[in-house]
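Overview (structure and organization)
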Amino acid sequence: MTLSIGSVAPDFTAETTQGRINFHDWIGDSWAILFSHPKAFTPVCTTELGYMAGLKDDFARRNTKIIGLSVDASEDNARWLPDIEDVSGNKVDYPVIGDSDLNVAKLYNMLPADAGDTAAGRTAANNATVRTVYMIGPDKKIRAMLLYPMSNGRNFDEVLRLLDSIQLTENKGVATPVNWKPGDDCIIPPSVSDEDARAKYPGGWKTQKPYLRTIPHPQDAPEPVK
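As the structure is a prediction and not an experimental result, all values here were calculated from the model. (Residues numbered from 1 in each chain as written. Predicted model: local features only at pLDDT ≥ 70, side-chain atom pairs only at ≥ 80, totals over all residues. Heavy atoms only, no water.)

1. Focus on the nonpolar core
Threshold: Working definition of a nonpolar core: buried Ala, Val, Leu, Ile, Met, Phe, Trp, Tyr and Cys residues. They are joined through side-chain atoms within 4.5 Å. A simple rule labels every residue: compare its accessible area, found with a 1.4 Å probe on the protein chains alone, to the largest value its type can have, and call it buried under 20%, exposed over 50%, or partly exposed in between. A run of H or I in DSSP becomes a helix once it reaches four residues, and a run of E becomes a strand once it reaches two; helices and strands are each numbered from the N terminus. By the convention used here, residues are in contact when the closest approach between their heavy atoms is within 4.5 Å.
In terms of nonpolar packing, the biggest core is built from 27 residues, with I33, F35, L49, M52, F59, Y94 and M135 touching the most fellow members. Elements represented by at least two residues in this core include exactly β3 (31–37), α2 (43–54), α4 (74–88), β6 (132–136), β7 (142–147) and α6 (156–172). The leading source of residues in this core is α6, at six residues. In this structure I33 touches M52, F59, T64, K65, I66, I67, V133, Y134, M135 and V159, once residues within four positions along its chain are discounted. Core analysis: the second largest hydrophobic core is formed by 26 residues, F12, V104, A115 and I136 among them.

2. What to know about the pairing of strand β4 (residues 64–70)
Rules: Any two strands are treated as partners once DSSP identifies two or more bridges connecting them. Handedness of a crossover: with both strands directed away from the viewer, a clockwise path from the first strand across the helix to the second marks it as right-handed.
Judged by how many residues are buried, β4 sits mostly within the fold: six of seven residues are covered. Where β3 meets β4, seven bridges bridge the pair, whose relative direction is parallel. Residue pairing in the sheet places S36 in a bridge with L69 of β4. In this structure, β4 lies alongside strand β5 (residues 96–98), joined through three bridges in parallel fashion. Following the sheet pairing, G68 is matched in β5 by V96. With respect to chirality, the unit in which β4 leads through α4 into the neighbouring parallel β5 is right-handed.

3. Some remarks on the packing of aromatic side chains
To keep things clear, this is the line we draw: Pairing of aromatic rings covers Phe, Tyr and the six-membered ring of Trp, with a centre-to-centre limit of 6.5 Å; geometry is then stacked below 30 degrees between planes, edge-to-face above 60, and tilted otherwise.
Inspection of the entire model under this criterion finds seven aromatic pairs. Where F12 meets F23, the ring centres are 4.7 Å apart and the plane angle is 15°; that geometry is what we call stacked. Taken as a pair, F12 in the segment before β1 (13–16) and F23 in helix α1 (residues 23–27) lie far apart in primary sequence, 11 residues in all. Residues F12 and F23 agree in their burial class; the two are buried. Aromatic side chains F35 and F156 sit 5.4 Å apart centroid to centroid with 65° between the ring planes, which places their arrangement in the edge-to-face category. Linking F35 in strand β3 with F156 in helix α6, this pair joins segments that are 121 residues apart in sequence.

4. A word on the environment of D72
Within the secondary structure, D72 sits in the loop between β4 and α4. Assessed through its relative accessible area of 7%, D72 is described here as buried. Spatially, the C-alpha atom of D72 lies 8.4 Å from that of P38, the residues being 34 residues apart in sequence.

5. What about α2?
Structurally, the α-helix is built with 3.6 residues per turn, so residues lying three or four positions apart point the same way. Our working definition: Multiplying 1.5 Å by the helix residue count minus one yields the expected span of that helix.
The first and last C-alpha atoms of α2 sit 17 Å apart over 12 residues, in line with the 16 Å expected at 1.5 Å per residue. Where the residues of α2 are buried, they touch β3, α3 (56–60), β4, α4, β5 and α6.

6. Some details on the environment of P138
By secondary structure assignment, the location of P138 is in the loop between β6 and β7. On the basis of relative accessible area, P138 is assigned to the partly exposed category, the value being 28%. A sequence separation of 41 residues divides P138 from N179, and the C-alpha atoms of the two residues are 26 Å apart. Setting aside residues up to four positions removed in sequence, P138 forms contacts with G28, D29, S30 and W31.

7. What to know about α4
Keep this limit in mind: To get the bend at a residue, fit one axis to the 7 residues ending there and another to the 7 starting there, then take the angle between the axes.
Compared with an ideal rise of 1.5 Å per residue, which puts 15 residues at 21 Å, α4 spans 21 Å between its outermost C-alpha atoms and is within 8% of the ideal. Where α4 bends most, at W80, the angle is about 25°, and the proline P82 comes one to four residues later. Listed as buried for α4 are S74, N77, W80, L81 and I84. Structurally, α4 contributes buried residues whose contacts are with β1, α2, β4 and β5. Looking one or two residues past α4, G89 carries a phi angle of roughly 80°, positive in sign.

8. Some points on the sheet that holds strand β8 (residues 186–188)
Worth spelling out the cut-off: For helices, the axis comes from a line fit to the C-alpha atoms of the stretch in contact; other axes are also lines fit to C-alpha atoms, and the angle between any two N-to-C directions lies between 0 and 180 degrees.
Here we have three strands laid out as an open sheet, ordered β8-β10-β9, and antiparallel in their pairing. Each edge of the sheet is formed by a strand with only one pairing partner; in this case those strands are β8 and β9 (206–209). The average undirected angle you get between the axes of adjacent strands in this sheet is 40°. Bridge count between β8 and strand β10 (residues 212–215): three bridges; the pairing is antiparallel.

Quick look at the structure:
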């Protein structure tokens, strides 16, 4: 199954550093960020998991759970966590999936179906494609996917910004322009006619092009989360 924005995130049951979970049940009514790693005890991923641990409360304020995945057994991932805390100063208190049978990596199209059925003997280079961030809504559908090469650390501040943008656009029916940040002007989607826009935005809007109309951050939207 090929995954894309709008696809239902595949459900699975797996062992994690915090015990066995069923993924959809674990998400519940929350949003979720699943971010994957090719192997435990790798340098770039060590910095990433530690930084993400420092953002856990920021995601929680947005009703969003975070969960990592590493192509290793859960015991290996558990042994890795003290290194991550030592390097970053942040305790990893979110679950990290042990994908020792490669099941989740295959379900999410990060490894081919013929990759085998065990992490034993595999190196980070073998698993280099397991470097995706999946943003998943409460309806269990994928909202965004970000793919990174193994040698390049991910920008999780950008993931947080994208989450703010997606939650705002879904809740308020607007769009966001390039480099948007919480509190910035938003775009009226072209699907909204001027007549409907006048009823929805009585304060008016700025027209840059007939198809590009901007309004201030919706007044009835929640204040930007700090």
